[in-house]
Every structure is written in structure tokens, then in C-alpha cells.
Amino acid sequence: MNAADIIRRHHVVIDGRGTRAMLFAHGFGCDQSMWRFVAPAFRDDYKVITFDYVGWGRSDRSQYDPERYRDLDGYADDVLEICEALELRNVIFVGHSVSAMVGVLAAIREPDRFAKLILIGPSPRYINEGEYVGGFERADIEGLLQMMDKNFLGWAGFLAPVVMKNPDRPELTRELEESFCSTDPRVARRFAEVTFFADNRADLAELTVPALVLQCADDAIAPERVGDFVHQHLAGSELRRLAATGHCPHVSHPEETIAAIREYLG
Amino acid sequence: MDERLDSLPCGFVSFTDDGAIVAVNQTLLDLVGYARAEVEGRHVETLLSPGGRVFYQTHFYPLLKMQGQIGEIYLVLRARDERVIPVLAYATHREGRNDCIFIQVTSRERYQDEIARARELVIGILGHDLRVPLTSVTLGAETLLRHEQLSQEGQEIALSVLASARRAARMTTDLLDFARARFAGGIPIQPRPCDLRQVAEKIVAELRTIHPHVPIELSIEGDCRGVWDADRAAQVVANLTGNAIDHRHGETPVVVRLLCEEASVVLEVGNVADTAAQPDPDQLFSPFRLGPASSGLGLGLFIVREIMEAHGGSVKATNAAGEFRVRATWPRGT
């Protein structure tokens, strides 16, 4: 694949006036539109890059290869291929949720590509195991997969384009005609399994690139103990606790998220 | 809380962007078995099953925040006594507040589970159970036909058995593709390096053997190598050409053109339209549309469209000046 193919495959969007690259990788559940409250804040100082994984948003869904994406390494390949296609160096990688681990895996493979990693709600292992508390039992994840099956294949309304009037924010109305977070259900189902059954704890020790762990309060998906675990096992990492609650501070508390990233980047 | 809101026939909960429950109605409290004081101020996730919390954080809340509203989302609540309660959720987001209603769907869910099982059963039967006996009927008829002592009558019977078994096998395959396209998220494709020139030549040669009296004109231009699913491409060529054979006017020829260009490969199949039937090009690709001359289940063009979409391509039909044409376009993979 040449650079243009990679850019098309991931619907890579480049914005901003800076030269230093900031690459934003969306997490499980949504596409690059998730960054819309945070990424624009860095436009003046950075080259802001967002993209969709294959199967999400406006990516080329025909390029989905179950073999390539059978574990997170395939997604790390995507990140590295995007970096190569855009000839990026000194990248500041911002990854949410599962993409935090994708960024860690990519930066282990090609440390020279990356200057800093910003990990929002990272977890190397979601399922409890022995002493390790990931936050979930296997049965909980099975429950999630069932819920996804029902929402994707059963109830017609989910993820269908919603056209609505938005008198408060008219600038959003036109955009809403294209749905947010549109997903290929088969890909999403598979990605959920890959994500929630993954175990990347042993990989953490291999990262040499400096990283910031952004930990939310009351995060049901990546609880504080998991954030602490990541911080302890990533040499040269900083841990920053946010007042923001939940798992998506870049959606729910964009100002605080922007400020924390800015402060870390200096 | 307003008395009528409190006793609405559905659960109601209002929570902040932080997820803190600000108000909850009695119907919801009764459903989950909590007292008001036990949930007010707590996170709305308190009401959800563990899987439901993940779904809430990864799908429900981000979509609600970005779209301002969300509906018909299947969630599983968890009651105080750990019972699970399936619900459909509808919510709106305004000025930092989220209003959400839950409608219990216990019996609807049983029905949905039955449908899901029926789908799996259908796919299992079509994908395996029916194919095995059909294959043995086909092989049996082929073996019989090779017998030299077979009488004229025996030959005719064996030929007719063979033709019927092949037709049944084709319909089984079409139904399986339909079931996958409709119920399993799409027709699966496996793109590999291949040459569509060879695919088109092979399929047209086969069709010429089956229909010796039908003139099929094949022309191919350019380099047709690329990364696609060759078996599925063969299905596209066969379905479109077969459709043209069934619907051509009188003894007019069927024209198959394969144009391999830099950005894409275009397969165009044309025939002089049977004047008796003037199909609406937009409706053609719906499933189970049987024309007067159709030989199958009316799924051929539907499957073509599904295959093309799975390749990131497209298919279009035009019907102008008595000439009916279908154009299928494969984008270049690499």
C-alpha cells in the first residue's frame, strides 16, 4: 500500500498550523469524531491528525482483515503505517482507552517515531486475574458482547444516522446528518473481544518513550487501581488524576482534558 | 417531583454530565428495588449491569453528548437484588443535564432471542445441512451419466436430476448469502491478489456451455489484476450475465464488457430489454423481486449489490432506449 492508500483506508484528517505532529487515536465505541471537543484546541501549535480504524467512521471497511486485526498488534501496525505514510517524527500520540495500549505497542516497536504518549484511561488487562484487579469478570464482558449483538443486529435505531434540529448549536445540525460513531457491527464485535480479552501487562515494561497517564475519577472501565498499575509499570511515566468522572473525559470534560495535556507538553 | 412523572408507566432518571443522579421516578425505583435516598446523588451506573456500564461509557454517553439525543438503545439494568432487567433506553442531553427513560422489554427480548436462534438455524441449515445431500445427488447424477450402458431414457433422467440438483444448490447458496447479508452483518469477502480477466473469461465460457444458443459477446480491456475476492467476483459476473440472459429480448445477444482502468475496474453487462418488462432501475436490487423470466429466487442482483458494497464498490442499473445495462465498479485495492 502506498501513502495515499493508507490515508484513504483510515480517512486521515490533518489540521492545524504547527509542524509538530499530534496523532489522536480513538477508542472502542466511536470514531475520530470523539476528538472534536479536544483536538481543535491544539490547532494553533501543532499538526493535528485524526483517523478512523478500519471499520469505523469513514474508513475503507473493505480493508478489514480479521487475521490482521486478531489482536492489538494489527492496530499498532495501523498507527505505524499512518506515521510512515505521513512521514511523521517526534509524534505526540494521544490514545483513548484501548488506543492507549495500541500506542504503547506501537512505541515499543518504533520508539524513535514517538516523543511522548498521552494515555487517556489506559488498561493493559480488563479482566480480574489472581491479585490483579482489572475491574471485570469474564461474565461481565460476555454481557457486554450480548448487549452489542442486540444493539447492532437487533434494534434498528442504533447507530443509524440521526437528523435532528439543534436550535442551541445550529452549526452542529448539518454535520449530524452524517451519523457519529458509525461502525461496522462485525468489526465492532470483534474489536470488543480483542480489546476486553487482551492482556498487555507484560508489554508495559518495554516502553521507553515518556508517557502521561490521565486517570479519571470513578471510571468503571479503567478504575484508579488500573491507572496506578500502568503508571508503576511504565518507567518514566507521569500520572495525572482528573476531576473528570467516567471513561471519556475528552467528551465529558474537554477543558480539563485539554489543560492536562497542555501542561504535560509544556 | 411531579406526581404524574413519578408514576409514569416507564422509568425516568435525570443525571448530570458527571453521571450523578439528580432525579428518579418511583416507577424506576420499583423496577430496580432501590429507595430514593439510595440512588440520588449516586452515579447512574449504579443502575446498570457491569456490561451495561461499559456500553454506557463507550457508546451510550459519547453518542448522547455528541448527538444531543439517543434512542432505542438496548441496555441491561441491575436491580438491588442483582436481578438483570433488559430495557430500551431513550435519552436527551441539554445544558449539562441528561434525561433518560427506560422501557422494560422482557417479553420483547424473549421474542428477539427466538429470532436470533431462528437466524442461526437457517444459516446452519443452508450453509451445511442442505448442501451435503445436494452435493451427493449431484455427484450421483454425474457418475450415472458417465455409465456407458445407460439407456437413452436413463440419460435423460440423470440429466434432469443433475440440472435440478444444481438449481437447488444455487438457490441454497443464494439464500445463505441473503441470510448473511441481512442477519449477519454482510456477505463475507476474502480479498486476495487475483485477475478479473481470468474470472470473466471462465464464467462466460461456462455460461456459453450451459446456454449454447445464446450469443454472449465478451470484451476485456486493460490490466485486470488487483486485490479482490475472486470467487465473489465470479458470482457477480455469473449473476449479472445470467440475469441478462433471462431478460433479453428475443434472440438478441448479451454484451459483457470488462474495463480495467487505473482507479477502478468496471464490469458492464447489457442486453436489449424485453419490452414486456420495464424494470425500475432503483428497485432492481431489492431481494425476492421476481421478474416473469426469472429462473431463481430473485436474489441475484441483491447479492451482487451486497458483494460490491463489501468490496467498497458499487453497482448501478440503467434502462434507456430499450437497452438495459448494469455497471459494477470495483475500486482498486492497492
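Remember, predicted model here, so these are calculated numbers, not experimental data.

(A) Layout of the overall build of chain B. Summing up its helical and strand segments, chain B has 10 helices and 12 strands in all. Evaluated residue by residue, chain B yields a buried proportion of 45% over its 334 residues. Long-range contacts, defined here as pairs at least 24 residues apart, represent 57% of the contacts in chain B between residues at least 6 apart. Taken as a whole, chain B presents about 16,700 Å² of accessible surface, with 52% of it coming from carbon and sulfur. Once the 35 positive and 44 negative side-chain charges of chain B are each reduced to a mean point, those two points are 1 Å apart.

(B) Representation of the packing of aromatic side chains within the structure. Residues and elements named next belong to chain A. Applying the stated criterion to the full structure yields 19 aromatic pairs over all chains. On the numbers, 5.2 Å between centres and 85° between planes, the contact of Tyr53 with Tyr75 is edge-to-face. One end of the pair, Tyr53, is in the loop between β3 (47-51) and α2 (72-85); the other, Tyr75, is in helix α2, and 22 residues separate them in sequence. Of the two residues examined, Tyr53 and Tyr75, each falls in the buried class. Their ring planes at 75° and their centres at 5.0 Å tell us that Tyr132 and Phe229 sit as a pair that is edge-to-face.

(C) Looking closely at the pairing of strand β6 (residues 211-217) of chain A. Residues and elements named next belong to chain A. Most of β6 is tucked away, with seven of its seven residues classed as buried. Relative to β6, strand β5 (residues 114-120) runs parallel, the two being bridged by four bridges. By the bridge assignment, Leu119 is partnered in β6 with Val213. Relative to strand β7 (residues 237-245), β6 runs parallel, the two sharing six bridges. For Gln215, the partnering residue across the bridge sits in β7 and is Arg241. The parallel pair β6 and β7, bridged by helix α7 (residues 224-233), forms a crossover whose chirality is right-handed.

(D) Main features of the interface of chain B and chain A. Every contact between the two is made by 44 residues of chain B and, on the other side, 45 residues of chain A. Carbon and sulfur atoms supply 64% of the area that chain B and chain A bury against each other, a total of about 3,800 Å² over both sides. Between chain B and chain A we count one salt bridge in total. For Lys150(A), the salt bridge identified is with Asp113(B), shortest N-O distance 3.0 Å. The tally of links between chain B and chain A comes to six residue pairs in polar contact (both at pLDDT 80 or more). Breaking the side of chain B that touches chain A down by element, the ones donating at least two residues are α4 (50-67), β3 (69-78), β4 (84-94) and α5 (106-129) of chain B. It is α4(B) that contributes the most residues to the side of chain B that touches chain A, 15 residues altogether.

(E) Spotlight on the sheet that holds strand β2 (residues 21-24) of chain B. Residues and elements named next belong to chain B. A sheet is described by the order of its strands in space; here five strands give the open sequence β2-β1-β5-β4-β3, paired in antiparallel fashion. Strand pairing shows two members of the sheet lacking a second neighbour, β2 and β3, which therefore form its edges. On average, adjacent strands in this sheet sit at an angle of 25° to one another, irrespective of strand direction. Pairing of strand β1 (residues 11-16) with β2, which is carried by three bridges, proceeds in the antiparallel orientation. For Ser14, the partnering residue across the bridge sits in β2 and is Ala23. This element, α4, spans β1, β3, β4 and β5 (97-104) of the sheet and lies at about 165° to β3.

(F) Representation of the side chain of Gln235(B). All names here are of chain B. With respect to the helices, strands and loops of the structure, Gln235 is situated in helix α9 (residues 230-247). Among the polar contacts made by the side chain of Gln235, one reaches the side chain of Asp177 at a distance of 2.7 Å. Ignoring anything within four residues of it in the chain, the contact list for Gln235 reads Asp177, Ile303 and Ile307.

(G) A look at a nonpolar patch on the surface. All names here are of chain B. A surface patch of nonpolar side chains, amounting to about 250 Å² of accessible area, comprises Leu121, Ile125 and Leu130. Among the secondary structure elements, Ile125 is positioned in helix α5. On the accessibility criterion, Ile125 (33% relative accessible area) is partly exposed.

Rules and cut-offs
- Residues numbered from 1 in each chain as written.
- Chains lettered and ligands numbered in written order.
- Predicted model: local features only at pLDDT ≥ 70, side-chain atom pairs only at ≥ 80, totals over all residues.
- Heavy atoms only, no water.
- Helix = DSSP H or I, 4+ residues; strand = E, 2+ residues; numbered from the N terminus.
- Buried < 20%, exposed > 50% of the residue type's maximum accessible area, 1.4 Å probe, protein only.
- Contact = heavy atoms within 4.5 Å.
- Areas by Shrake-Rupley, 256 points an atom, 1.4 Å probe, with all protein chains shown as cover.
- Lys, Arg positive; Asp, Glu negative; His and termini not counted.
- Charge placed at Lys NZ, Arg CZ, Asp CG, Glu CD.
- Phe/Tyr/Trp six-rings, centres within 6.5 Å; stacked < 30°, edge-to-face > 60°.
- Pairing = 2+ DSSP bridges.
- Right-handed = clockwise from strand over helix to strand, strands pointing away.
- Buried area = accessible area lost by both parts, 1.4 Å probe.
- Salt bridge = Lys/Arg side-chain N within 4 Å of Asp/Glu carboxyl O.
- Polar contact = N/O pair within 3.5 Å; in protein donor to acceptor, adjacent residues only side chain to side chain.
- Axes fitted to C-alpha atoms, helices over the stretch in contact; angles between N-to-C directions.
- Patch = residues over 30% accessible without salt bridge, like charges linked within 9 Å, V, L, I, M, F, W, Y side chains within 5 Å.

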